[in-house]
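If you want the building blocks of each chain, they are given just below.
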Amino acid sequence: MKMPLSALIGLILTGAFLFCAIFAQWIAPYPLDAVIGGVWEPPSERHWLGTDTIGRDILSRMIHGGQITIFVALASSLLSFGLGSFLGFLAAVRGGWVDQGLSRLVDLMMAIPSLIVALVVLSVLPINLTVLILIMGLLDATRVFRLSRAVAMDIAVMDYVEAAKLRGEGQSWIIFREILPNALSPLVAEFGLRFIFAVLFISTLSFLGLGIQPPLADWGGMVKENKDGLIYGKSAALMPALAIALLAISVNLVADWILSRTTSLKGGRGG
Amino acid sequence: MNAEFDYMLKRTVRGVMSRREFMGRASAMGISAAMASTLLASAARAEGPVKGGVLKAGVSGGESTNSLDPAVAASPAPFAVSMLWGEMLVIVNEKGEVDPRIAEEISSNADATEWKFKIRSGVEFHDGKTVTAEDVVATLKRHTDEKAQSGALGIVQGISEMMAEGDMVTLKLASANADLPFLLADYHLQIQPGGGYDNPNAGIGAGPYKVVSFEPGVRAVFERHANYFDSSIGHADGAEILVINDNTARTAALQSGQVHMINRVDPKIVELLKGMPGMSIERAAGRGHYVFIMHADTAPFDNNDLRMALKYAINRQEMVDKILGGFGSVGNDFPINAAYPYFDASIPQREFDLAKAAEHYKKSGHDGSPIILRTAPGAFPGAVEAAQLFQQSAAAAGIPLEVKVEPDDGYWSNVWNVEPFCASYWGGRPVQDQMYSTAYASTADWNDTRFKNARFDELLVAARGELDGEKRKAMYSEMAYLVRDEGGLICPMFNEFVEARREEVGGWFVDPTHELMNGRALAKCWLTA
Amino acid sequence: MHPILKMVAQRVALGLLLLLAVSLLIFLGTEALPGDVAQAILGQSATPEALANMREALGLNQPAYIRYFQWLGGILTGDFGVALTNGQDIGQAIGQRLGNTLFLAACAAAISVPLAILLGLVAARYNGRWPDKVISGITLSTISLPEFVAAYFVIFLLTQVIPIFQPVAMVFPGMSFLDRLQAVALPVIVLVLVVLAHMMRMTRAAILNVMQSAYIETAELKGLSPMRVIWQHAFPNAIAPIISVVVLNLAYLVVGVVVVEVVFGYNALGQYLVDHVAKRDLPVVQAVGLIFAAVYIGLNILADVISIIANPRLRHPK
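What counts, and at which threshold
Residues numbered from 1 in each chain as written. Chains lettered and ligands numbered in written order. Predicted model: local features only at pLDDT ≥ 70, side-chain atom pairs only at ≥ 80, totals over all residues. Heavy atoms only, no water. Helix = DSSP H or I, 4+ residues; strand = E, 2+ residues; numbered from the N terminus. Buried < 20%, exposed > 50% of the residue type's maximum accessible area, 1.4 Å probe, protein only. Contact = heavy atoms within 4.5 Å. Areas by Shrake-Rupley, 256 points an atom, 1.4 Å probe, with all protein chains shown as cover. Lys, Arg positive; Asp, Glu negative; His and termini not counted. Charge placed at Lys NZ, Arg CZ, Asp CG, Glu CD. Salt bridge = Lys/Arg side-chain N within 4 Å of Asp/Glu carboxyl O. Buried area = accessible area lost by both parts, 1.4 Å probe. Patch = residues over 30% accessible without salt bridge, like charges linked within 9 Å, V, L, I, M, F, W, Y side chains within 5 Å. Disulfide = S-S within 2.5 Å. Pairing = 2+ DSSP bridges. pLDDT = per-residue confidence, 0-100. Axes fitted to C-alpha atoms, helices over the stretch in contact; angles between N-to-C directions. Parallel < 35°, antiparallel > 145°, perpendicular 65-115°, else oblique. Left-handed = near helix turned anticlockwise from the far one by under 90°. Nonpolar A, V, L, I, M, F, W, Y, C, P; charged D, E, K, R; others polar. Polar contact = N/O pair within 3.5 Å; in protein donor to acceptor, adjacent residues only side chain to side chain.

Undergrad: Before we go on, may I ask you to explain the overall build of chain C in this structure?
TA: When helices and strands are counted, chain C shows 15 helices and zero strands. Considering chain C as a whole, with its 318 residues, one finds that 49% of them fall into the buried category. Taking contacts inside chain C between residues at least 6 apart in sequence as the whole, the part at least 24 apart equals 73%. Accessible area for chain C stands at about 14200 Å²; split by element, carbon and sulfur atoms hold 67% of it. In chain C, 18 side chains carry a positive charge and 15 a negative one; their mean positions are 18 Å apart.

Shown next, in the form of structure tokens:
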């Protein structure tokens, strides 16, 4: 099956973001916090994207900031995924009180808006990367749980799972060898969306002053630092905002493609 | 300028012609926009106050947790609100002098232990009752009650006896204090009917504007108090204070005309805002200062050489330029500047001197382990960046500072006045005595530098009762040297109030006492168009 | 009893049970927070005596379970208590701000829901062709912008470049309906941008899913126009997933707009909550948390009920 152009673009851009994030230390022209220019200089040969509110190179900060943003978002979505999908599968396979218990607990957690839980918790805990990742990962695990439980429920009634059960395979075999491979593709698509959600969420937290703390920077924090110039046509806040949007779009494009592939696998009309 | 222009100018000042129309016609006559607006502003001043209209201020620093009780007012919005509906015995004016308000005459005995305040006759509260000496005494009494949680508790605690007789309030002090009138100008001490015992949140006072509605953290609406005793202020028919905490939204609201003035303009955008038509930036050098404080009784800061090393290792000018955006002045390691009476300007400025810093550091014999400096984004605006600048300049002198960023929440309970080295700020006090008594007397609760000096304490008490200005100034000078050369205070900068108004606001003047012309900008300014 | 009524009753009972559990969770969660309320209220200027007095006055010395039942009993009788910080009646303050929250949500929903469904239908009709691609592309970009970024763009564009709206969106009692609409214009635009994409994409997907059914083919073979097929045959059958995503977004418009409120200074519940979280004003945090949870649970029950009613097999039991 041929890859559509949009997915290809998404894949290339996502790859480029990841590359910059991994090799930030080598790529960025200047260190994260070096003051090397005037306030809000326009883009120039020396500073491709201009300088920020106290004269730091925006491109460099964005590359370093991308590393932090992507790392935190990736770590928290991995956590939410590991936890959420495992418990979701478990609930689907075990059924009974395990399913009931976990499902009601998730209902309970989802009834309280996650931004508000994060606000309350972060207002009392010391804010560092570990705490941020844990909170975001745990809050998001509820959503992954629901999806993976639903997907696993569909798969659990398939003949090959029944066959495995009859063969006397253990639950971990069923979860990891039967359900996981067949649930992978909707889950991968969901992973993309969760990752984006995490990027937006960490940006929002940083914007409210409860996310990444200075001198470290993430894109949301950079928008906040530079936003006052926005209404005077200073582009400094625009760049990290665009980076957030572009990353989100790229990952979405890839996720869309994976999702559309899975639905067509189910046998659509045009399939 | 020709007659037609003068005519236009007058019409605009009186509000017959709109500002926009005036600017348009002026430019048609070949007059630059900048020139025209300057002329308009000076014409407006010359014309005198214009009555009527509703003046609006956009204020940062209000929460939905605020109340109208003046005793607990702490952030900028409640301050500005209480300065409009409230009136105090006295007020500190823009020259740093005491102006009588509800008190008409002030006198004291020879050793400043007993003070008499004659209550102005015919001053009316918003509920129509007349302000009496009993109301004044009841107000002061309420603030002595721990339950009132008054920010002025420390001030009224020093008054041992309060009496009301006829139109005279007599206050007896436990110990002499020549500055008592300055202390009574504290903004918490708004006179309330019956002292506010019945309902401290009523918002009824004797100020120039009556509270029409108050929604905490959102808006306060006022109308003019028709029977206000002083006809020289209170020009607009109504006033509004809108709480706009977001910097961008506040600036945008000023530019779009939703409000006429705003407080706390970020230094970064001053230049940009200045370039906009019809905007005027107002600066006032106040008494507030940003500090790094060391506990002088805790290792390693119990070594004066180490303290001196750190004092020399901070680049004050860089701090003023980068942290205050140039809107401030360098500090000299004592908490007093030229805004205070009895300031000694001859005390030499401490310079940034890496060689001396290194020399003192060597003499201190510090073992080279990192010295931890705690800071938080909310310690003062730019506190994290300031600590980083300090770290870099100290490193150049071979002093290993380690910056530790703490969360804002709990900073004032867990770090400030607890940890031995941290960033903080002081808003300043109207007089030196109050500043020193609050934070530098050996026994003060808020002695956040653990500065304990017998000679200093002795001078503090002596100066308080000293009515001879020259002698008093000499004492304060000696105290300044003690704090500067032996204390635990590193004071790199005094910050300014940076505010902005639209040009149709007339009557603005610089008042360094507090924000927004000591909270009275809405009462003292007027709308020209 | 009619089976539908029975199922609805079950859902409502379950929802109430969940709400009770949430109330316990909220109470315990906020109780477990470290830090001292008295200190948070009095701030930098607190003396030890004042702190002790404050703790006594706030009743912080009673055991937690007693305070939970007092609190719950109060709420059931409509008494939310008073805010620790300024002594305001919480019920009254919430009442007004909840009204503002709902007003903003209603305005945003009134625009975004019909628009999203319409765009979704159009995109489904032209599946894979250019209108679909344009609509999907635009909604994909709006969903990718953090709310605060969208907010500042809108402020810049509509108060500075084209000055037609006011940047500060406060509403007050006594304001006329038109003034209110004018005041909330900017936050409404931002919220529409934020929620549009999700609803539109789900509508499109649900319609496309139904389009694969045999009865649609039959309708097409009958020679009905494509838009008519979608509107008359596909849409009614795709209504359940659409309703559920709409409800999810409605819930978001009520409980999730803290950032927009903060930027525009809009005086509604989110801002109120944020202020009181910072001051550790637990009664307010608990009350607002419970109201948000109730809205969320209530809307979910509504979605369940609508999908039960919309399900023909349940509507016409054999």
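There is more to say after this.
Undergrad: What is the right way to read the pattern of salt bridges from this model?
TA: Between side chains of opposite charge, a pair can form as their charged atoms come close. All told, the structure shown has 39 salt bridges over all chains when counted by the stated rule. Here Asp256(A) makes a salt bridge to Arg201(C), at a shortest N to O gap of 2.4 Å. Here Arg201(C) lies in helix H8 (residues 177-210) and Asp256(A) lies in helix H10 (residues 238-265), a pairing that spans two chains. Residue class for Arg201(C) comes out partly exposed when judged on its relative accessible area of 23%. Salt bridges linked by common partners bring Arg316(B), Asp333(B), Arg350(B), Arg484(B) and Asp485(B) together as one network.

Undergrad: Before we go on, may I ask you to explain the interface of chain A and chain C in this structure?
TA: How big an interface is tends to be expressed through the accessible area that disappears when the partners come together. Between chain A and chain C, the residue contacts involve 35 residues of the former and 38 residues of the latter. When chain A packs against chain C, close to 3200 Å² is buried across both sides, 79% of that on carbon and sulfur atoms. Here chain A is connected to chain C by one salt bridge. For the side of chain A that touches chain C, the secondary structure elements donating two or more residues are helix H4 (96-110), helix H5 (114-122), helix H8 (171-207), helix H9 (219-226) and H10 of chain A. Looking at the side of chain A that touches chain C, the element that brings in the most residues is H10(A), giving nine residues.

Undergrad: Quick question: what am I supposed to make of a nonpolar patch on the surface here?
TA: All names here are of chain A. On the surface, Leu 18, Phe 19, Ile 22, Phe 23, Trp 26, Ile 27, Leu 74 and Leu 78 cluster together to form a nonpolar patch covering roughly 800 Å² of accessible area. Mapped by element, the contributors of at least two residues to the nonpolar patch are helix H1 (5-22), helix H2 (24-27) and helix H3 (58-94). Structurally, Phe 23 is set in the loop between H1 and H2.

Undergrad: Sorry, what's going on with the state of the cysteines here?
TA: One covalent bond between the sulfur atoms of two cysteine residues makes up a disulfide. Residue and element names in this part refer to chain B. As enumerated under the stated definition, the model contains zero disulfides over all chains in all. A disulfide-free cysteine, Cys 491 has its sulfur positioned 14 Å from the sulfur of Cys 422, the nearest such atom. Residue classification places Cys 491 among the buried residues on the basis of a relative accessible area of 0%.

Undergrad: So what exactly am I meant to see when it comes to the pairing of strand E8 (residues 209-215) of chain B here?
TA: Here is the key point about a regular strand: its side chains alternate between the two faces of the sheet. Residue and element names in this part refer to chain B. For E8 and strand E9 (residues 219-224), the ladder comprises six bridges, and the chain directions are antiparallel. Pairing of Ser 213 across the sheet is with Val 221, part of E9. Linking E8 to E9, which pair antiparallel, is a turn of three residues; within it Gly 217 sits at a positive phi near 75°.

Undergrad: Looking at this structure, I do not really get unusual backbone geometry. What am I missing?
TA: Across the chain, the bulk of peptide bonds are trans and the bulk of non-glycine residues have phi less than zero. Residues and elements named next belong to chain B. Here Ala 299 and Pro 300 are connected by a cis peptide whose omega angle stands at 0°. Relative to the elements of secondary structure, Pro 300 occurs in the loop between strand E12 (279-294) and helix H10 (304-312). Its identity is not glycine, yet Arg 264 carries a phi of approximately 45°, on the positive side. Inspection of the secondary structure assignment puts Arg 264 in the loop between strand E11 (261-262) and helix H9 (267-274). For Arg 264, a relative accessible area of 44% puts it in the partly exposed group.

Undergrad: I keep staring at the confidence of the model for chain C and nothing clicks. Help me out?
TA: Predicted coordinates in areas of low pLDDT are best not read in detail. All names here are of chain C. For chain C, mean pLDDT is 83; residues scoring 70 or higher make up 92% of the total. Highest mean pLDDT in chain C belongs to helix H5 (residues 90-125) (92); lowest belongs to helix H15 (residues 312-315) (62). For this predicted complex, the interface confidence comes out at an ipTM of 0.81, alongside a pTM of 0.81.

Undergrad: What's the story with the sheet that holds strand E6 (residues 159-165) of chain B in this structure? I'm lost.
TA: Sheet strands associate in pairs through backbone hydrogen bonding, adopting either a parallel or an antiparallel arrangement. All names here are of chain B. Spatial ordering of the open sheet is given by E4-E5-E7-E6, a layout of four strands whose pairing is antiparallel. A strand with exactly one partner marks an edge of an open sheet, and here the two such strands are strand E4 (103-108) and E6. Across this sheet, the average inter-strand angle for adjacent strands is 15°, counted without regard to direction. When strand E5 (residues 114-119) meets strand E7 (residues 168-173), the two strands line up antiparallel, connected through five bridges. Note that in E7 the partner of Phe 117 across the bridge is Val 169. Sheet contacts for helix H5 (residues 133-144): E5, E6 and E7; angle to E6, the most-contacted strand, approximately 160°.

Undergrad: Before we go on, may I ask you to explain the packing of H5(C) against helix H11 (residues 239-255) of chain C in this structure?
TA: Each pair of packed helices gets described by two things: the angle between the helix axes and the distance between those axes. Residue and element names in this part refer to chain C. Two elements in contact, H5 and H11, have axes whose closest approach is 9 Å; the angle formed by their N-to-C orientations is 150°. On the basis of the axis angle, H5 is roughly antiparallel to H11. Crossing angle aside, the handedness with which H5 passes H11 is right-handed. Along its contact with H5, which presents Thr 101, Leu 102, Ala 105, Ala 108, Ala 109, Val 113 and Ile 117, the element H11 presents Ile 242, Val 246, Leu 250, Leu 253 and Val 254. Residue composition of the contact of H5 with H11, by class: 11 nonpolar, one polar and no charged.

Undergrad: I tried to follow the pairing of strand E1 (residues 54-59) of chain B on my own but got confused; where do I start?
TA: Residues and elements named next belong to chain B. In this structure, E1 lies alongside strand E10 (residues 238-243), joined through six bridges in parallel fashion. Paired with Val 59 across the two strands is Val 243, which belongs to E10. Where E1 lies against E11, two bridges are found, and the strand directions are parallel. In the strand pairing of E11, Gly 58 is matched with Ile 262.

Undergrad: How should the side chain of Asp433(B) be read in this particular structure?
TA: Residue and element names in this part refer to chain B. Mapping Asp 433 onto the fold places it in helix H15 (residues 432-439). On the basis of relative accessible area, Asp 433 is assigned to the buried category, the value being 2%. At 3.1 Å, the side chain of Asp 433 forms a polar contact with the side chain of Arg 464. The residues touching Asp 433, leaving out its near neighbours within four places in the chain, are Asn 177, Asp 179, Leu 460, Arg 464 and Tyr 476.

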